[in-house]
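Structure assessment
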Amino acid sequence: MAIQTGRLSLSRVTYHTNLQQAAGTIIPLGVIAEMIIGSWRALGLVARTSLTDRETALVGRLLRDQISVPFDFLKREYDWALTETKPGDALEKLAQRFSESLFFAPPTSTSVKNVLPTGDNVGAAVGELILPDLRKARDHEFYLMLAEDEQNGDDAVTSQDMLRRAA
Amino acid sequence: MGRRTYSALQARLRDEWFGIVETPDVWIDRGPMNDGESQSIRVENAATGMMGVAKPGPGKAAEEGHYRAAHEKLAFDLAYLVHLPVAPVVLWRDQAPDIYKRGRSISAWTFEQSLKWDEAQNRGLITPVLRESAGPIVSAMRVFHTWIADTDRKSDHTQVNVDSPEKSLETAFIDHGNSLAFVWKSADHPTPPQAPYMPAPEHSDVMIETAVFITGLEDGEVSRVVNRIGLPYLPADPKAHILANLLARKRNLRAILGI
């Protein structure tokens, strides 16, 4: 066992239905989280399973069908981040790619520290130690986002997370 | 020319911002855009709630030799003369030159909902019919970008209207900070044409039509647009280089492009 330090980053994902006006409706979609600690990387996604009819009607024609199931819609970007970005870069890269109507907010980060097992074949044990922290922070941010957007506070959600060696 | 149809609101904004150099309004910082090396930020008009994108951002405020804001404004103004869809731009003097040595520009959003071309394509949203429909504008823009020496374009500098009609993809072009005096360091600076970079078919007739239209612009009108940009945005030397190259190239666009 050894003390490991790292960083937990969170990014809200929203859809802006009117980029031209501050008062335009912003639809909350989900939250993506990345934790790097020691040589480990964990990535998590939580998102709504559907939009309301009213929200769907606000989305432009080209995206309306795809975005109607936000979790499926965002899972693709989660998979991309897991395979195509370096550990610690996932949310920054997503925020660079999606800065328009589909908006990944610039990530907010906090320092993390944990005592983790070392050596080979410790992935499951490491996962048990760090994934609860990632899920807790990710889900807290998600429910906070929904609560701030009162009309969507009771929508169904789903989530996925993955642990990988970063090095 | 004149291939675009804008919403009435957008058309009014384009006219209004072409008519002025600087915004007289108060704009509020709404946080980073996070999407480019200019470190641009989102801004909100304090009176109207209109949103825009200001550049450069704080990390590039001390730059003195790039003239990003002036380039963005000039690209819009020149595109306005040619009736091409560059997002509207106005200059913003706030904190200039004390912090922002060359001031800032504010770009408006052309569409209520947009995605970068590349992301729309990755999502499979750009059907063959829509890609084909973008051909004329893409062709015209390559001529325009060649004229203003914006010769390092990328397809994700093109915005796609998410609410485009079924058979007509609406596009707008952004990010012209690395054009004009960023490239031209003298009054007669040889500059190659912008190579094809958009995954849409080119129409040689549209390219020729656009080049002829630009050639036909009155020198006085181009000069007026350039000369009204002053300090802190654009010093005299780069302004002279911009004007000399614009006037020379507009006469030779077809030869430069080989069309």
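None of these values were measured; they are calculated from a predicted model. (Residues numbered from 1 in each chain as written. Chains lettered and ligands numbered in written order. Predicted model: local features only at pLDDT ≥ 70, side-chain atom pairs only at ≥ 80, totals over all residues.)

A closer look at the overall build of chain B
- Assigned secondary structure in chain B consists of eight helices and eight strands.
- Computed over the C-alpha atoms, the radius of gyration of chain B is 17 Å, within 12% of the 18 Å expected from 2.2 N^0.38 for a compact globule of 259 residues.
- Counting only C-alpha atoms and orienting by the principal axes, one finds that chain B spans roughly 50 × 40 × 30 Å.
- Considering only intrachain contacts with a sequence separation of at least 6, the fraction spanning at least 24 residues in chain B is 71%. (Helix = DSSP H or I, 4+ residues; strand = E, 2+ residues; numbered from the N terminus. Rg over C-alpha atoms; globule rule 2.2 N^0.38 Å. Contact = placed C-beta atoms within 7 Å.)

Overview of the overall build of chain A
- A count of helices and strands for chain A gives five helices and six strands.
- Listed by position from the N terminus, the elements making up chain A come as β-β-β-α-α-α-α-β-β-α-β.
- Over its C-alpha atoms chain A spans a radius of gyration of 17 Å, differing by no more than 12% from the 15 Å that the globule rule assigns to 167 residues.
- Along the longest, intermediate and shortest principal axes, the C-alpha atoms of chain A span 50 × 30 × 25 Å.
- Sequence-distant contacts, at least 24 apart, represent 69% of the contacts inside chain A between residues at least 6 apart.

Here we look at the sheet that holds strand E4 (residues 89-92) of chain B
Residues and elements named next belong to chain B.
- A sheet is described by the order of its strands in space; here five strands give the open sequence E1-E2-E3-E5-E4, paired in antiparallel fashion. The open sheet has two free edges, formed respectively by strand E1 (27-32) and E4, since each of these has just one partner strand. Pairwise comparison of adjacent strand axes, ignoring direction, gives a mean angle of 35° for this sheet.
- Lying on the sheet, helix H2 (residues 68-82) is in contact with strand E3 (51-55), E4 and strand E5 (104-108); it crosses E4 at an angle near 150°. (Pairing = 2+ DSSP bridges. Axes fitted to C-alpha atoms, helices over the stretch in contact; angles between N-to-C directions.)

Some points on helix H5 (residues 135-147) of chain B
Residues and elements named next belong to chain B.
- Compared with an ideal rise of 1.5 Å per residue, which puts 13 residues at 18 Å, H5 spans 19 Å between its outermost C-alpha atoms and is within 8% of the ideal.
- Against the buried residues of H5 lie H2, strand E8 (171-173), helix H6 (204-215) and helix H8 (236-257).
- Positive phi shows up at Ala149, right after H5, with a value of about 60°. (Expected span 1.5 Å × (residues − 1).)

These results come straight from atomic positions and should not be treated as a statement about function.
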